[in-house]
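Here is how the chains run, residue by residue.
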Amino acid sequence: MQKTILIIEDDAEINDMLRILLRQNGYSTISAYSGTEGLLAHSRDVDLILLDLMLPGRSGEEVIRDLKEKHNVPVIITSAIHDVEKKVDLFSLGADDYITKPFNNDELLARIGARLRANSGTASGEMITFKDIELNVTDFTVKVAGKEVELPRYEFALLKLFMENQNRTCTKSLIYDTVWDYENSADDNTLNVHMSKLRKKLKECSDEEYIETVWGIGYRMKK
């Protein structure tokens, strides 16, 4: 069933860009250009909201709770503000995710997909496959070429993220926010160590190259 995304963004060019991007990727969209208009447009037909912070009249911060109270669906904030404390405040208000402008389109689509899966509950009980990798989300098991592979928390989360986004590049920003859950403990060195361990374990089961590096951006599953 096609999912509907409400775009609340006062910049007409950005609103149009988001509408086109989302429709090209199979989503239905509703556009609003202010917080008040967004509240009026919000209904049970909406599955997710993209909310800009800098809106005319009532700001994004002011309308988050009203949106959630009207119909509780995932809200992803889009903003040029990089302040970590600001992000924490937004999560306490009810935001589900945050992406900084200018954003990578693939990263935005990956975040939208992850929030929709989590909200629908379809992530639990899933068996995700890629080539000869089988990842079971329910019991946290992984098989590669028929062989069981033991992966600790972060390595499993990395592989799960990549396999859930097989047709997209997972940016480092998305990886840190998803795998390390917005913790400040993760950095490039931490990521490199876990990636090296993950790749080594996959290599022990098969000569296939499953994950490739997109230099300066992140990682993706290798077709």
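Everything below is about the structure printed above this text.
It should be emphasised that the depicted structure is a prediction, and the values quoted were computed from it without experimental measurement. What you see as residue numbers is a count from 1 along each chain, following the sequence as written. In keeping with the predicted nature of the model, local features appear solely for residues at pLDDT of at least 70, side-chain atom pairs appear and are counted solely at 80 or more, and the whole-chain, interface and lining totals rest on all residues. Computation of side-chain values covers all heavy atoms of the structure but excludes hydrogens and water.

Digging into the overall build of the chain
And step 1. The way it works is that DSSP assigns letters per residue, a run of H or I at least four long becomes a helix, a run of E at least two long becomes a strand, and they are numbered from the N terminus. Broken down by element type, the chain carries eight helices and 12 strands.
And step 2. In terms of C-alpha radius of gyration, the chain reaches 18 Å, essentially the compact-globule figure of 17 Å for 223 residues.
And step 3. Counting only C-alpha atoms, the chain reaches 60 × 35 × 30 Å along its principal axes.
And step 4. In this scheme, a residue with accessible area under 20% of its type's maximum is buried, one over 50% is exposed, and one in between is partly exposed, where area comes from a 1.4 Å probe on protein chains only. Per-residue burial for the chain yields a buried fraction of 46% across its 223 residues.
And step 5. Here the open area of atoms and residues is found with the Shrake-Rupley method and a 1.4 Å probe, where only the protein chains shown may cover a residue. For the chain, the exposed surface amounts to about 11300 Å²; the carbon and sulfur share of it is 48%.
And step 6. Of the charged side chains in the chain, 29 are positive and 38 negative, and the gap between their average positions amounts to 4 Å. To get the radius of gyration, use the C-alpha atoms; to get the globule rule, take the number of residues to the power 0.38 and multiply by 2.2 Å. Positive charges are assigned to Lys and Arg, negative charges to Asp and Glu, while His and the chain termini are left out of the count. Charge placement uses NZ in Lys and CZ in Arg. For Asp and Glu, CG and CD serve respectively.

A few points about the sheet that holds strand β2 (residues 28-32)
And step 1. Taken in spatial order, the five strands line up as β2-β1-β3-β4-β5 in an open sheet, and their pairing is parallel. Unpaired on one side and paired on the other, β2 and β5 (97-100) mark the two borders of the sheet. This sheet shows a mean twist of 20° between the axes of neighbouring strands, independent of strand direction.
And step 2. Lying on the sheet, helix α3 (residues 60-70) is in contact with β1 (4-8), β3 (48-52) and β4 (75-79); it crosses β3 at an angle near 165°. For two strands to pair, DSSP has to find at least two bridges joining them. To obtain each axis, a line is fitted to C-alpha atoms, and for helices this fit is confined to the stretch in contact; angles are then taken between N-to-C directions over 0 to 180 degrees. A contact between two residues is defined here by any heavy atoms of the two lying within 4.5 Å.

What about helix α8 (residues 188-203)?
And step 1. For α8, built from 16 residues, the straight-helix expectation of 22 Å at 1.5 Å per residue is met to within 8% by its first-to-last C-alpha distance of 22 Å.
And step 2. When α8 is considered as a whole, its buried residues turn out to be Leu191, His194, Met195, Leu198 and Leu202. Mapping the buried residues of α8 onto a view down its axis gives an arc of 105°, with all of them on the same face. Along α8, exposed side chains directed more than 90 degrees from the buried face belong to Asn189 and Lys200.
And step 3. Residues of α8 that are buried in the fold lie against β7 (133-136), β8 (141-144), α6 (153-164), α7 (172-179), β11 (211-214) and β12 (218-221).
And step 4. Nitrogen and oxygen atoms within 3.5 Å of one another constitute a polar contact, given that in protein one can donate a hydrogen and the other can accept it, and given that sequence-neighbouring residues count only through two side-chain atoms. With a side-chain oxygen lying 3.2 Å from the backbone nitrogen of Asn189, the N-terminal cap of α8 falls on Asp187. By this rule the span expected of a helix is its residue count minus one, scaled by 1.5 Å. The directions considered for the arc are those from the helix axis to the C-beta atoms.

Regarding the sheet that holds β11
And step 1. Read from one edge to the other, the open sheet built from three strands follows the order β10-β12-β11, with strand pairing classed as antiparallel. Of all strands in the sheet, those bounded by a partner on one side alone are β10 (170-171) and β11.
And step 2. Where β10 meets β12, two bridges bridge the pair, whose relative direction is antiparallel. The partner of Cys170 across the bridge, within β12, is Tyr219.
And step 3. Seen against the sheet, α8 touches β11 and β12 and runs at an angle of roughly 150° to β11.

Observations regarding the packing of aromatic side chains
And step 1. Aromatic rings from Phe, Tyr and Trp, taking only the six-membered ring of Trp, are treated as a pair when their centres fall within 6.5 Å; an angle between ring planes under 30 degrees marks them as stacked, one over 60 as edge-to-face, and anything in between as tilted. Counting across every chain of the model gives four aromatic pairs.
And step 2. When the ring of Tyr154 is compared with that of Trp180, the centres are 5.1 Å apart and the planes differ by 20°; the resulting orientation is stacked. Of the two residues, Tyr154 sits in helix α6 while Trp180 sits in the loop between α7 and α8, which places them 26 residues apart along the sequence.
And step 3. Take Trp180: its relative accessible area is 2%, and that puts it in the buried class.

What to know about the pairing of β1
And step 1. With respect to burial, β1 is a largely interior element, five of its five residues being buried.
And step 2. The alternating pattern of β1 places Thr4, Leu6 and Ile8 and Ile5 and Ile7 on opposite faces, both of which are buried.
And step 3. Relative to β2, β1 runs parallel, the two sharing five bridges. Pairing of Ile5 across the sheet is with Thr29, part of β2.
And step 4. Looking at chain direction, β1 and β3 are connected through four bridges and run parallel. In the sheet register, Ile8 faces β3, and the bridge partner there is Leu51.

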